[in-house]
Amino acid sequence: PKLLDVGGFCNGVLAGLVAITAGCASVEPWESIIIGIVGGLLYQGSSMLLRRLKIDDVVDAFPVHGVCGLWGIVALGFFGNPDEGIGGNGAFYGGDQLGTQL
């Protein structure tokens, strides 16, 4: 790009933080990094979709809080090792938390 979008950059960081909020007490630090990165990517995609559909969301509130918040809720069902003793019961570890989250 010719110009850097500082607002988009800040919203991308905020999107990652919103995404990890739901599961912050139940996932390992490396899992939270993955959840945050996916949240940032989902923010970018949903923000571009809103622009393409010509839906006015000046501060990208729905992509940041709606889409990434929903991803954070669903992500908790995938991550979280029950053997770590921090409350996780994710599908990647054979748990059944994903059904509860959906």
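Reading the values: the criteria
- Residues numbered from 1 in each chain as written.
- Predicted model: local features only at pLDDT ≥ 70, side-chain atom pairs only at ≥ 80, totals over all residues.
- Heavy atoms only, no water.
- Helix = DSSP H or I, 4+ residues; strand = E, 2+ residues; numbered from the N terminus.
- Expected span 1.5 Å × (residues − 1).
- Buried < 20%, exposed > 50% of the residue type's maximum accessible area, 1.4 Å probe, protein only.
- Contact = heavy atoms within 4.5 Å.
- Salt bridge = Lys/Arg side-chain N within 4 Å of Asp/Glu carboxyl O.
- Axes fitted to C-alpha atoms, helices over the stretch in contact; angles between N-to-C directions.
- Left-handed = near helix turned anticlockwise from the far one by under 90°.
- Nonpolar A, V, L, I, M, F, W, Y, C, P; charged D, E, K, R; others polar.
- Phe/Tyr/Trp six-rings, centres within 6.5 Å; stacked < 30°, edge-to-face > 60°.

So, helix H1 (residues 6-21): which residues are in play, and what are the values?
Taking 1.5 Å as the rise per residue, H1 with 16 residues should run 22 Å; its terminal C-alpha atoms sit 23 Å apart, in good agreement. For H1, every residue scored as buried is listed here: Gly8, Asn11, Ala15, Gly16, Val18, Ala19 and Ile20. Packed against the buried residues of H1 are helix H2 (29-52) and helix H3 (61-78).

Hey, could you go over the pattern of salt bridges for me, with residue numbers and the actual values?
According to the stated counting rule, one finds one salt bridge in the structure shown. Between aspartate 60 and arginine 51 there is a salt bridge whose closest N-O contact spans 4.0 Å.

Any chance you could break down the packing of H1 against H3 for me, citing the residues and the numbers?
Running from amino to carboxyl end, H1 crosses H3 at an angle of 35 degrees, the nearest separation of the two axes being 8 Å. Viewed along their axes, H1 and H3 form a crossing whose handedness is right-handed. Here Asn11, Leu14, Ala15, Val18 and Ala19 of H1 come into contact with H3, specifically with Val64, His65, Cys68, Gly69, Trp71 and Gly72. Taken together, the residues that form the contact of H1 with H3 break down as seven nonpolar, four polar and no charged.

Can you lay out the packing of aromatic side chains for me, pointing to particular residues and giving the numbers?
Summed over all chains, the structure comprises two aromatic pairs. Consider the rings of phenylalanine 78 and phenylalanine 92, whose centres lie 5.4 Å apart with planes at 25 degrees: the pair is stacked. Here phenylalanine 92 lies in the loop between H3 and helix H4 (97-101) and phenylalanine 78 lies in helix H3, a separation of 14 residues in the sequence. Members of the aromatic cluster, each reached through a chain of ring pairs, are Phe78, Phe79 and Phe92.

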